[in-house]
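# Overview (structure and organization)
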Amino acid sequence: MSEDLFKKIISHSKEYGFVFPSSEIYDGLASVYDYGQNGVLLVNNIKEYWWKSMVQMHENIVGIDSAIFMHPKVWKASGHVDAFNDPLIDNKDSKKRYRADVLIEEHIAKIQDKIDKEVDKAAKRFENFDKTMFLTTNPRVVEYAEKIKTIEARFKNALENNDLDDLRQIIIDLEIVCPVSGSKNWTEVRQFNLMFSTQIGSLAEDSDKIYLRPETAQGIFVNFLNVLNTSRQRIPFGIAQIGKAFRNEIVARQFIFRMREFEQMEMQFFIKPGTQKEFYEYWKSQRMAWHQRLGISKEKYKFHDHIKTAHYADAAVDIEFEFPFGFKELEGIHSRTDFDLTQHQNLSGKKLQYFDPELNESYVPYVVETSVGVSRLFLSVLTGAYQVEAMPNNEERVVLKIHPTLAPYKVAILPLVKKDGLPEKAKEIFDSLKLDFYAQYDEKDSIGKRYRRQDAIGTPFCVTIDHQTLEDHQVTIRHRDTMEQTRIPIADLPATIAKHTSWNNLLV
């Protein structure tokens, strides 16, 4: 069922102008996609929601836009040159390549699914169900939990020690099979650096090797002093950025979930050393609340603590979303300590410190990071919004119930027929609204078909102009989610649309 839903979302995305395969007339480019006419509007609204909530609503967070190209030493200092690797393993029979860590994580998730199913069955059987007691007393569940605990301990040890041989042995011991061939015929595990490299310079022989940035965070760290000296900020304060990043993902898949070119929305929050636990918990709760304001079921979100933290972090958690292919990372919150600023300070020879007037001393700040991918958030919004509803006469309505503030178009103006002065009146109304709202004008096909088109792209309101409009200056406004139709004066349209699509509905 979930796989079928995913295929429908992918098909819908292309059919209605949300996402296109890149360079499709040349058979496309693997794991690269373009946003269509409706997709780019949704993407821009998602980014604006993040920017407003992060920068506009916080007096102690400012935004920057750093360059994609950076000095090669940036990536040496950050650890990306030496440590930005994925452990890859090939199946000899299918010739398919996989991330070894993901194969193990997915195996653990399958065991966890068995626990969840046992809990669900028991909850339905017993009226006064005690989940905590069930998890600790049911023999089958306890066995599953112990199995997960054992695997995770061994998995964590292998990752921390970069023990590629044991990673492969875990896969063999767990009898993990290739999803394509069904065989257990695995190669050795190898590390693969994910950074794209290129040359900069006018002549090839004189050029220097540089990298396309694999993350946007380093652009914030190398600008720490510039922002500190020009913004009059005091710790704690944050620097936010939205920008492109590039990773040479060998096993990029699952539509736009994992791509080689993508956008990140990141904020680095600079704090006094010793306060990182407090701010880490603060941003965990803030970011989860931010996602849940989108109106998608709260059951679709959960926290997942990292089994192994990155080399720069002392704590890390993902906000996971239940995509059609399971719970996967949507956003990461990391306590990065003082790793980045210290590394850049040591390699550049420049002091990257903050003078604290309260303590009368200087120190390298600690950092708590929040990082979310635009495309993953886009996919979560589509997944949460996509619905197929039964209609009379055995018909179905496909509707995207996107939060009205994020919807690509806020209103569609539809003359009932293409004659009798109705198109002229409709265009007059359209012209009066288009300065304040993204609006569409559509006069082709029956009114029912036009409603369905607007439902499919998530337009919250359809406004129909009929013959009576010419007499009483009122229109019929149809609500996407309920299909309720009401008659209102033309003069009330701007206020009605604004009320339901205002940023206040998401930010306050």
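As a reminder, the structure under discussion sits directly above these lines.
So, here is what we can say about the structure in this document. The shown structure was predicted, so the numbers you read here are calculated from the model rather than taken from an experiment.

### Here's the deal with the sheet that holds strand β3 (residues 61–63)
Taking strand neighbours across the sheet as the criterion, the 7 strands line up as β3-β9-β10-β16-β13-β12-β11 in an open arrangement whose pairing is mixed. The open sheet is flanked by β3 and β11 (301–305), the only strands paired with a single partner. The sheet shows a mean angle of 25 degrees between the axes of neighbouring strands, direction not considered. One ladder, built from 6 bridges, connects strand β13 (residues 326–337) with strand β16 (residues 366–373); its direction is antiparallel. Looking across to β16, one finds that Glu331 is bridged to Val372. Set on the sheet, helix α2 (residues 37–56) makes contact with β3, β9 (237–246), β10 (261–271) and β16; between it and β9 the angle comes to about 160 degrees. Taken strand by strand, helix α11 (residues 276–292) contacts β3, β10, β11, β12 (315–323), β13 and β16, and its axis lies near 150 degrees from that of β13.

### With respect to the side chain of Arg168
Of note, Arg168 is situated in helix α8 (residues 164–173). Overall, Arg168 belongs to the buried group, its relative accessible area being 19%. Among residues more than four places away in sequence, those in contact with Arg168 are Ile89, Trp186, Thr187, Glu188 and Val189.

### Structural notes on unusual backbone geometry
Following Ile235, the chain continues to Pro236 via a peptide bond in cis, the omega torsion being 5 degrees. Mapped onto the elements, Pro236 comes out in the loop between α10 (224–231) and β9. For His473, which is not glycine, the phi dihedral falls at a positive 55 degrees. Position of His473 among the secondary structure elements: in the loop between α16 (469–472) and β22 (474–479). Residue classification places His473 among the partly exposed residues on the basis of a relative accessible area of 46%.

### Describing α2
For α2, with 20 residues, the first-to-last C-alpha span of 27 Å sits near the 28 Å given by 1.5 Å per residue. Judged by how many residues are buried, α2 sits mostly within the fold: 14 of 20 residues are covered.

### Description of the pattern of salt bridges
Taken as a whole and assessed by the stated rule, the structure comprises 34 salt bridges. The partner of Asp340 in a salt bridge is Arg336, and the shortest N-O contact between them spans 2.8 Å. Take Asp340: its relative accessible area is 2%, and that puts it in the buried class. Across the pair Glu389 and Arg397 runs a salt bridge whose closest N-O atoms are separated by 2.8 Å. Here Glu389 and Arg397 have matching classes, each one buried. Overlapping salt bridges bring together Glu389, Arg397, Lys401, Arg452, Asp455 and Arg478 as one network.

### Brief notes about the sheet that holds strand β4 (residues 85–90)
Here we have 3 strands laid out as an open sheet, ordered β5-β4-β6, and antiparallel in their pairing. Since the sheet does not close on itself, it has two edges, and those belong to β5 (97–99) and β6 (190–193), each with one partner. For this sheet the average axis-to-axis angle between neighbouring strands, irrespective of direction, equals 45 degrees. Bridging between β4 and β6 involves 4 bridges; their strand directions are antiparallel. By the bridge assignment for β6, Asp86 is matched with Phe192.

### Focus: the packing of aromatic side chains
This model, assessed by the stated rule, comprises 24 aromatic pairs. Residues Tyr49 and Trp290 carry aromatic rings whose centres are separated by 4.3 Å and whose planes lie at 10 degrees to one another, so their mutual orientation is stacked. One end of the pair, Tyr49, is in helix α2; the other, Trp290, is in helix α11, and 241 residues separate them in sequence. Take Tyr49 and Trp290: they sit in the same class, and that class is buried. Both rings, one in Phe321 and one in Phe323, keep their centres 5.1 Å apart while their planes meet at 70 degrees; by these two values the pair is edge-to-face. Taken as a pair, Phe321 and Phe323 share a single burial class, namely buried. Taken together through their ring pairs, the aromatic side chains of Phe6, Tyr33, Phe255, Phe257, Tyr301, Phe321, Phe323 and Phe325 make up a single cluster.

### Topic: the environment of Leu164
With respect to the element layout, Leu164 can be found in helix α8. According to the relative accessible area criterion, Leu164 is buried, its value standing at 18%. When the C-alpha positions of Leu164 and Lys449 are compared, they lie 57 Å apart, and in sequence the two are 285 residues distant. Setting aside its immediate chain neighbours within four residues, Leu164 contacts Pro87, Val189, Arg190 and Gln191.

### Details of the environment of Ser22
For Ser22, the position within the fold is in the loop between β1 (19–21) and β2 (33–35). According to the relative accessible area criterion, Ser22 is buried, its value standing at 10%. Sequence separation of Ser22 and Lys117 is 95 residues, and the distance between their C-alpha atoms is 40 Å. Excluding its chain neighbours within four sequence positions, the residues that come into contact with Ser22 are Gly28, Leu29, Val32, Tyr33 and Asp34.

### Overview of the pairing of β13
Of all 12 residues that make up β13, 9 are buried, and the element is covered over most of its length. Sheet topology note: the β12/β13 ladder contains 9 bridges and is antiparallel. Each residue of the ladder has a partner; that of Asp318, found in β13, is Gly332. Adjacent in sequence and paired antiparallel, β12 and β13 are bridged by 2 residues.

Reading the values: the criteria
- Residues numbered from 1 in each chain as written.
- Predicted model: local features only at pLDDT ≥ 70, side-chain atom pairs only at ≥ 80, totals over all residues.
- Heavy atoms only, no water.
- Pairing = 2+ DSSP bridges.
- Helix = DSSP H or I, 4+ residues; strand = E, 2+ residues; numbered from the N terminus.
- Axes fitted to C-alpha atoms, helices over the stretch in contact; angles between N-to-C directions.
- Contact = heavy atoms within 4.5 Å.
- Buried < 20%, exposed > 50% of the residue type's maximum accessible area, 1.4 Å probe, protein only.
- Expected span 1.5 Å × (residues − 1).
- Salt bridge = Lys/Arg side-chain N within 4 Å of Asp/Glu carboxyl O.
- Phe/Tyr/Trp six-rings, centres within 6.5 Å; stacked < 30°, edge-to-face > 60°.

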